[in-house]
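For reference, the chains in residue letters:
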Amino acid sequence: MKLSLYLAITGGVAVLFGLAFVLVPELSLKHYGFPTEPHNLIQSRYFGAALLAFGLVPLLGRNLKDDPALRVILQAGVVGNGISVIITVMAATSGLLNQMIWGSVLIYGVFLAGNLYYLSSAARRA
């Protein structure tokens with residue numbers, strides 16, 4: 001898969017999830033079995049806004065030809081997805097959320113692996 005397609009996919013997925021958490025936080029939280037008290041709805045919107053911004057970076061940068069810029073996007077993805085995998089596994093194993101959370105673990109894990117794959121070789125980013 002070309003790097004530009006990978007960045008479009010990862011960015012697009014993050015943007016879609018971000019929009020869902022911003023626009024329909026109650027539905028998004030219920031999907032994972034998360035309580036929908038007013039303070040959780042506000043936190044969901046903050047999370048969605050951050051996810052939206054996090055997704056726009058690879059999506060808008062997918063056609064860059066500058067290798068240092070691509071490396072920065074991929075490195076940020078490693079940090080963000082790596083931390084998210086850890087947090088999401090902790091949430092999943094704590095029993096606080098329902099089984100749908102394992103889908104998020106999978107998404108973060110696949111995107112972490114993809115970022116590491118493209119970072120591992122300049123030829124893969126060409």
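In this report, the structure presented in the accompanying data block is examined. The shown structure was predicted, so the numbers you read here are calculated from the model rather than taken from an experiment. (Residues numbered from 1 in each chain as written. Predicted model: local features only at pLDDT ≥ 70, side-chain atom pairs only at ≥ 80, totals over all residues. Heavy atoms only, no water.)

Take the packing of aromatic side chains next. Working definition: an aromatic ring pair is given by the centre-to-centre distance plus the angle between the planes. The tally for this structure, following the rule as stated, stands at four aromatic pairs. Aromatic pair phenylalanine 21 and tyrosine 32: ring centres 6.4 Å apart, planes at 10°, arrangement stacked. In this pair, phenylalanine 21 is assigned in helix α1 (residues 3-23) and tyrosine 32 in the loop between α2 (25-31) and α3 (38-60), connecting sequence segments eleven residues apart. Residue phenylalanine 21 is classed as buried on the basis of its relative accessible area of 8%. In this structure tyrosine 32 comes out as buried when scored by relative accessible area, which is 10%. Aromatic side chains tyrosine 117 and tyrosine 118 sit 5.0 Å apart centroid to centroid with 85° between the ring planes, which places their arrangement in the edge-to-face category. With relative accessibility at 42%, the residue tyrosine 117 sits in the partly exposed group. A relative accessible area of 4% places tyrosine 118 in the buried class. Taken together, the aromatic side chains of Tyr6, Tyr117 and Tyr118 make up a single cluster linked through ring pairs. (Phe/Tyr/Trp six-rings, centres within 6.5 Å; stacked < 30°, edge-to-face > 60°. Helix = DSSP H or I, 4+ residues; strand = E, 2+ residues; numbered from the N terminus. Buried < 20%, exposed > 50% of the residue type's maximum accessible area, 1.4 Å probe, protein only.)

Right, let's get into the side chain of threonine 88. Checked against the element boundaries, threonine 88 lands in helix α4 (residues 67-94). The residues touching threonine 88, leaving out its near neighbours within four places in the chain, are Ile101, Ser104, Val105 and Tyr108. (Contact = heavy atoms within 4.5 Å.)

What follows is about the nonpolar core. Leu3, Tyr6, Leu7, Leu70, Ile73, Leu74, Phe111, Tyr118 and Leu119 form the largest nonpolar core, which has nine residues in total. Looking at this core, the elements that each hand over two or more residues are α1, α4 and α5 (101-119). Beyond its immediate stretch of four places on either side in the chain, isoleucine 73 contacts Leu7, Val57, Pro58, Gly61 and Leu64. In this structure, Leu29, Ala91, Ala92 and Leu97 belong to the second largest nonpolar core, which totals eight residues. (Core = buried A, V, L, I, M, F, W, Y, C linked by side-chain atoms within 4.5 Å.)

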